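# Inside the fold
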Amino acid sequence: MIRVALTMLRGDSSKFIGLVVGIAFASFLVAFASAFFAGFMTRGFSLISENPEADVWVMDPAVQSVEQTVNLPSSALSRVRSVAGVVWAAPMALGKADARFANGSIQSFDVIGVDDITLAGAPAASATVTEGLRLPQAAIVDAGGTEGKLQTPVSTADQWPQDGPHLDAPTRELRAGDELLLNNHRVRIVGHSHTLPRFPPRPLLYMSLANADRILPPGRHRITFVLVSAAKGVDPQNLAQRIHDQTGLRARSTEDFKTDTVRWYLVNSEDVGDMGAMMSLAASVGFGVTAVMLFMFTTDHLRQYAVIKAMGATTRQIVLMVFAQASAVAVLGTGIGMGVCVVVGTIAARGGYPFRLMWFAPAAGGLMVAIISVLAALISVRPAVRLEPGVVFSSR
Amino acid sequence: MSPVAVACRGVEKTFGTGAAATQALRGIDLDVAYGELLMLVGPSGSGKTTLVSVIAALLPQDRGDCLVLGQDLRAMGKKDRALFRGRSMGFVFQAFNLLPALDATENVSLPLIIAGQRRRDAQKVAADLLDLVGLGGRAHARPRELSGGQQQRVAIARALVHKPKLILCDEPTSNLDHDSGQAIMDLLIHTARAPDRAVVVVTHDPRIFGFADRLARIEDGRIVRTDSPRPAPAPGGQA
Ligand SMILES: Nc1ncnc2c1ncn2[C@@H]1O[C@H](COP(=O)(O)OP(=O)(O)OP(=O)(O)O)[C@@H](O)[C@H]1O
Ligand SMILES: [Mg+2]
């Protein structure tokens, strides 16, 4: 019976192809959106990922994600260091600052201040570049996933003009030796780094904590996070708990902090919500069209179902046939959709787009297809089951 | 085994209600014996299709009884009725009603598949039947690749494949030209008619009346006459 149903399905090739393409399109959208979301979220916790030597992150009890910058009292550092199981603890400062380029243009930067002594948290760059951070006013610049935002004028005539900004002057990429003005403090670029791109994308300036302290607006405290390395054999989660118990600060293992950050984005980020809404709209259109097409497929074949019923098929057999058709279309469509997703995703990832195919992307696509196919089959099966097989006698 | 394959008594059927009501059957009494080919003839709208539908238990009558192969199908549950129909009846339709996606063999094997037989066995039996109706060479043709007459041959093979005790044909020749119609009736006579089987053929085509063992004339929902198609060479005279 299943075979007959599948032959019927294949026999009506235009509808069959339409159904498969519909499912493939919708499942592709869902999987692709999920993978894109995973990619964005991965970029959302780039700061955590690029500091793998930190096992535990310590922060203000109110901080929920790496995006929030509430500062800690400077005593936090020594309090954390005194907890058993902590090998080393380094401070890190996060802040935002508007920088003025030599031609007078303004660009917002994330400033990351790293430990003066160990430079823990500094981006991977050549040793001389990193060591350069120890100089006064020094900073390493990083595109942080942006493009064309680090442009400084080519000609010295356009640099630091007295007659107002020269925004249209020809520009080149910022490089070592160039200077920026942050909050009226001169900053000298000592080099470039290429760390993980950020979500949302924005250019970064790494500098020593001491330099950051001078440049960022004056505040009572200048430490946002304390990065902690756990002793060998000490479980980061246990250590985090212990730090929390002893200092009253929030302490999270690296993995937990990533999870916190994703959760925070989900709850707080309007971008993520908008993106989700757009994708779900597109996916529901795809799925809706597919469901209607499956329904039409069944109603177009009612006469054939009537013949089959007249020849003694039970309701169970009819239901089995409709569900077999729905499942075949679902499996085939999902397979194609996922395949296209992997191919397009790989290309997108190579092109620098945030695309990360994690287990839940195909799972989400598959689940949506499963739900919609069952629904479509349920509404399609009704006319076939209720059908009076007597119509077979009518001539056509 | 009951002596007759079909026994209808006082069968009535009305479609619709009130002013729009059409009384399609107005008290039908009809017996069909095993071994005979009964032709149900009459003008358009006289109730032929309605009567066959009632006999096939595809349509419930309003009043009267219809015993089919000794069973009152109305007393059965929906599922048992479907199973009984699948086991005991074969159908040939005016519109052929083959499944367009299936080839000839698959179409013929369908009643066996529905009854739960294994595909391979069913197809073997189906292939034999196709040979019998003269289509052995077109076993894998799809319906649209066959002429009307060939399609009806496939339909006849399908009606016979599960060895049913009752075969119901509604206007089997009216979509065919004269020669094909004659050939189809010839085929029905030679393959379908059997001592332990009854065949009912609905038609209003007088050119095939000669194939019947008995003609039942239906007019306006009543059987008005039952006779043999060729008047017996009557020495004594017959009214
Ligand atoms: N489903 C239905 N609903 C309403 N009226 C119907 C229905 N089926 C048949 N009728 C009416 O019942 C009467 C008998 O119809 P039926 O189809 O049995 O005639 P028929 O003898 O088979 O005619 P034909 O030779 O044209 O096939 C007709 O008046 C027809 O209009
Ligand atoms: Mg009719």
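Not measured: the values here are computed from a predicted model.

What follows covers the domain arrangement of chain A. Residues and elements named next belong to chain A. Structurally, chain A comprises domain 1 (2–43 + 270–393) and domain 2 (49–268). Its C-alpha centre places domain 1 at a distance of 47 Å from the equivalent point of domain 2. Listed per partner, the contact involves 7 residues of domain 1 and 7 residues of domain 2. Buried surface at the junction of domain 1 and domain 2, both sides included, amounts to about 780 Å², of which 69% is carbon and sulfur. When the area that domain 1 buries against domain 2 is broken down by residue, the three leading residues are Met 41, Arg 43 and Val 272, summing to 61%. The interface formed by domain 1 and domain 2 holds 0 salt bridges in total. For the pair domain 1 and domain 2, the interface holds 2 residue pairs in polar contact (both at pLDDT 80 or more). Counting only elements with at least two residues in the side of domain 1 that touches domain 2, the list comes to helix H2 (13–44) and helix H9 (270–300). Looking at which element gives the most residues to the side of domain 1 that touches domain 2, the answer is H2, with 4 residues.

Moving on, we come to the sheet that holds strand E6 (residues 89–92) of chain B. In sheet architecture, strand pairing relies on hydrogen bonds along the backbone and comes in two forms, parallel and antiparallel. All names here are of chain B. Pairing is mixed across the open sheet formed by 6 strands, whose spatial order is E6-E7-E8-E3-E9-E10. Looking at strand neighbours, the two that pair on one side only are E6 and strand E10 (222–227), the edges of this open sheet. When strand polarity is set aside, the average angle formed by the axes of neighbouring strands in this sheet is 20 degrees. Summarising the sheet, strand E3 (residues 37–41) and strand E8 (residues 198–203) pair through 5 bridges and their orientation is parallel. From the neighbouring strand, Leu 37 faces E8, where its bridge partner is Val 199.

In this section: the pairing of strand E9 (residues 204–208) of chain A. The side chains of a regular strand alternate, residue by residue, between the two faces of the sheet. Residue and element names in this part refer to chain A. Within E9, 5 of the 5 residues are buried, leaving the element largely enclosed by the surrounding structure. Inspection of the sheet shows strand E3 (residues 106–114) paired to E9 by 5 bridges, in the parallel sense. Directly across from Ile 112, in E9, lies its bridge partner Tyr 206. Sheet analysis places strand E4 (residues 138–142) next to E9, joined by 3 bridges and oriented antiparallel. Counterpart to Val 141 in the pairing with E9 is Leu 205.

If you look at the interface, chain B gives 27 residues, while chain A gives 27 residues. Looking only at chain B, the three residues that lose the most surface to chain A are Leu58(B), Leu99(B) and Ile114(B), adding up to 25% of its buried area. In this structure, the connection of chain B to chain A is made through 0 salt bridges. The set of elements that each furnish at least two residues to the side of chain B that touches chain A consists of helix H1 (48–55), helix H2 (78–88) and helix H3 (104–114) of chain B. Broken down by element, the side of chain B that touches chain A gets its largest block of residues, 6 residues, from H2(B).

Once that is clear, we can look at the layout of surface pockets. Within this model, the largest pocket holds a volume of roughly 430 Å³. Lining the largest pocket are 26 residues, with Ala57(B), Leu58(B), Lys78(B), Arg81(B) and Arg85(B) positioned closest to its centre. Among the secondary structure elements, those contributing two or more residues to the lining of the largest pocket are helix H12 (360–386) of chain A together with H1, strand E4 (63–68) and H2 of chain B. The element that contributes the greatest number of residues to the lining of the largest pocket is H2(B), accounting for 5 residues.

Residue and element names in this part refer to chain B. Throughout the structure, instances matching the rule amount to 1 disulfide over all chains. Cys 8 shares a disulfide with Cys 66; S-S distance 2.3 Å. Pair noted here: Cys 8 is in strand E1 (residues 4–15) and Cys 66 is in strand E4, with a separation of 58 residues, a long-range link. Here Cys 8 falls in the buried class, since its relative accessible area comes to 0%. Cys 8 supplies the cysteine sulfur nearest to Cys 169, a cysteine that is in no disulfide, at a spacing of 16 Å. Residue class for Cys 169 comes out buried when judged on its relative accessible area of 0%.

Further remarks concern the pattern of salt bridges. For the structure on display, the rule yields 24 salt bridges over all chains. Close ionic contact of Asp31(B) with Arg9(B) constitutes a salt bridge, the shortest N to O distance being 3.0 Å. On the criterion of sequence distance, the pair formed by Asp31(B) in strand E2 (residues 22–33) and Arg9(B) in strand E1 is long-range, its members being 22 residues apart. According to the relative accessible area criterion, Asp31(B) is partly exposed, its value standing at 29%. Judged by relative accessible area, Arg9(B) falls into the partly exposed class, the value being 41%. Overlapping salt bridges bring together Glu67(A), Lys96(A), Asp110(A) and Arg202(A) as one network.

Let's shift gears to the packing of H3(B) against helix H4 (residues 119–132) of chain B. All names here are of chain B. Orientation of H3 relative to H4, taken along the N-to-C sense of each, is 120 degrees, at an axis distance of 8 Å. By the angle between their directions, the pair H3 and H4 is classed as oblique. You can see that H3 and H4 cross each other, and the crossing is right-handed. In this structure, H3 contributes Ala 104, Thr 105, Glu 106, Val 108, Ser 109, Leu 112 and Ile 113 to the contact, and H4 contributes Arg 119, Ala 122, Gln 123, Val 125, Ala 126, Ala 127, Leu 129 and Leu 130. Split into classes, the residues belonging to the contact of H3 with H4 amount to 10 nonpolar, 3 polar and 2 charged.

All names here are of chain B. By nearness alone, 13 residues border ligand 1, and Ser 44, Gly 45, Lys 48, Thr 49 and Thr 50 come closest of all. At 2.8 Å from an oxygen atom of ligand 1 is found a main-chain nitrogen or oxygen belonging to Gly 45. Thr 49 has a polar side-chain atom sitting 2.7 Å from an oxygen atom of ligand 1. Those elements giving two or more residues to the shell around ligand 1 turn out to be E2 and H1. The element best represented in the shell around ligand 1 is H1, accounting for 3 residues. When its residues are assigned to classes, the shell around ligand 1 shows 3 nonpolar, 8 polar and 2 charged.

Let's shift gears to the sheet that holds strand E5 (residues 71–72) of chain B. All names here are of chain B. If you walk across this open sheet you meet the 4 strands as E2-E1-E4-E5, and the pairing is antiparallel. Of all the strands in the sheet, just E2 and E5 have a single pairing partner and so form its edges. Here 9 bridges tie E1 to E2, and the two strands are oriented antiparallel to one another. What sits directly across from Ala 7, in E2, is Asp 31. On the sheet, H1 packs against E1, E2 and E4 and is oriented at approximately 60 degrees with respect to E2.

About the thresholds
Residues numbered from 1 in each chain as written. Chains lettered and ligands numbered in written order. Predicted model: local features only at pLDDT ≥ 70, side-chain atom pairs only at ≥ 80, totals over all residues. Heavy atoms only, no water. Domains from an automatic or database assignment. Contact = heavy atoms within 4.5 Å. Buried area = accessible area lost by both parts, 1.4 Å probe. Salt bridge = Lys/Arg side-chain N within 4 Å of Asp/Glu carboxyl O. Polar contact = N/O pair within 3.5 Å; in protein donor to acceptor, adjacent residues only side chain to side chain. Helix = DSSP H or I, 4+ residues; strand = E, 2+ residues; numbered from the N terminus. Pairing = 2+ DSSP bridges. Axes fitted to C-alpha atoms, helices over the stretch in contact; angles between N-to-C directions. Buried < 20%, exposed > 50% of the residue type's maximum accessible area, 1.4 Å probe, protein only. 1 Å grid on protein atoms, 1.4 Å probe; cavity = no way out; pocket = protein on both sides within 12 Å on 5 of 7 lines; lining within 4 Å. Points joined across faces, edges and corners; volume = space filled by probe spheres on them. Disulfide = S-S within 2.5 Å. Parallel < 35°, antiparallel > 145°, perpendicular 65-115°, else oblique. Left-handed = near helix turned anticlockwise from the far one by under 90°. Nonpolar A, V, L, I, M, F, W, Y, C, P; charged D, E, K, R; others polar. Near = heavy atom within 4 Å.

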